[in-house]
Amino acid sequence: MRQIDELRPLTAGRILEIWRMCRETSRDPLERTLICNARILAECCLYQGGAVYEGPEEVLRDLTGREIARLLTRLAEDDREAERPSVPPAENPTFDAARFEALKER
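What you see is a predicted model, and the numbers here were worked out from it, not measured in a lab. Throughout, a residue's number is its position along its own chain's written sequence, starting from 1. It should be noted that, the model being predicted, local features are given only for residues of pLDDT at least 70 and side-chain atom pairs only at 80 or more, the latter also being counted only at that level, while totals for whole chains, interfaces and linings use all residues. To get the side-chain values, all heavy atoms of the structure are used, and hydrogens and water are removed first.

Caption draft 1: Local environment of the sheet that holds strand E1 (residues 6-7). At least two DSSP bridges between two strands are needed for those strands to be called paired. The secondary structure listing takes helices from DSSP runs of H or I that are at least 4 residues long and strands from runs of E that are at least 2 residues long, numbered from the N terminus. As summarised here, the arrangement of the 3 strands in space is E1-E2-E3, forming an open sheet in which the pairing is antiparallel. Each having just a single partner strand, E1 and strand E3 (50-51) make up the two edges of the open sheet. On top of the sheet, helix H2 (residues 29-44) reaches E1 and strand E2 (45-47); it is set at about 30° to E2, its chief contact. Contacts between residues were defined by any pair of non-hydrogen atoms, one from each residue, lying within 4.5 Å. As a rule, the C-alpha atoms of each element are fitted with a line to give its axis, helices using only the stretch in contact, and angles between N-to-C directions run from 0 to 180 degrees.

Caption draft 2: Layout of unusual backbone geometry. Of note in the backbone geometry, glutamine 48 takes a positive phi value of approximately 50° without being a glycine. Looking at the secondary structure, you find glutamine 48 in the loop between E2 and E3. Summary of the burial criterion: residues with accessible area below 20% of their type's maximum are buried, those above 50% are exposed, and those between are partly exposed, where the area comes from a 1.4 Å probe applied to protein chains only. For glutamine 48, a relative accessible area of 64% gives the class exposed.

Caption draft 3: Spotlight on the environment of cysteine 44. Counting through the fold element by element, cysteine 44 comes out in helix H2. The exposure class of cysteine 44 is buried, given its relative accessible area of 0%. With 35 residues separating them in the primary sequence, cysteine 44 and proline 9 have C-alpha atoms 6.0 Å apart. Setting aside residues no more than four positions away along its own chain, cysteine 44 makes contact with Glu6, Leu7, Arg8, Leu10 and Leu75.

Caption draft 4: Geometry of the nonpolar core. Ile40, Leu41, Cys45, Tyr53, Val59, Leu63 and Leu71 are the most contacted members of the largest nonpolar core, which has 20 residues in total. Listed by contribution, the elements that provide at least two residues to this core are helix H1 (12-22), H2 and helix H4 (65-83). Ranked by residue count, the leading element in this core is H2, at 7 residues. Sequence-distant contacts of isoleucine 40, defined by excluding residues within four places in its chain, comprise Leu10, Ile15, Ile18, Leu72 and Leu75. Residues belong to one nonpolar core when they are buried, are Ala, Val, Leu, Ile, Met, Phe, Trp, Tyr or Cys, and are joined through side-chain atoms within 4.5 Å.

Structure representation (structure tokens):
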């Protein structure tokens, strides 16, 4: 596996474009998914600001299925981290802590 120092997420629109491009590549859904995932990683994997892979073929030659899955999981997790609000949730003004403790003791 080559060195990757950044996984840059794609927009939903770009992912949809890639899925549409890959739709006709194979009748086998597993093969089609693997090609699509490789194309996504070819665009997302960066090292020192430059593309790590020139295209999906290089991704498929370099990575195992498990490595592809791990990178896609990292990409999805990084995306979720960025979407989490930095503001703590508001407190419920009707919450009665004393009543809650009394009910918990029963």
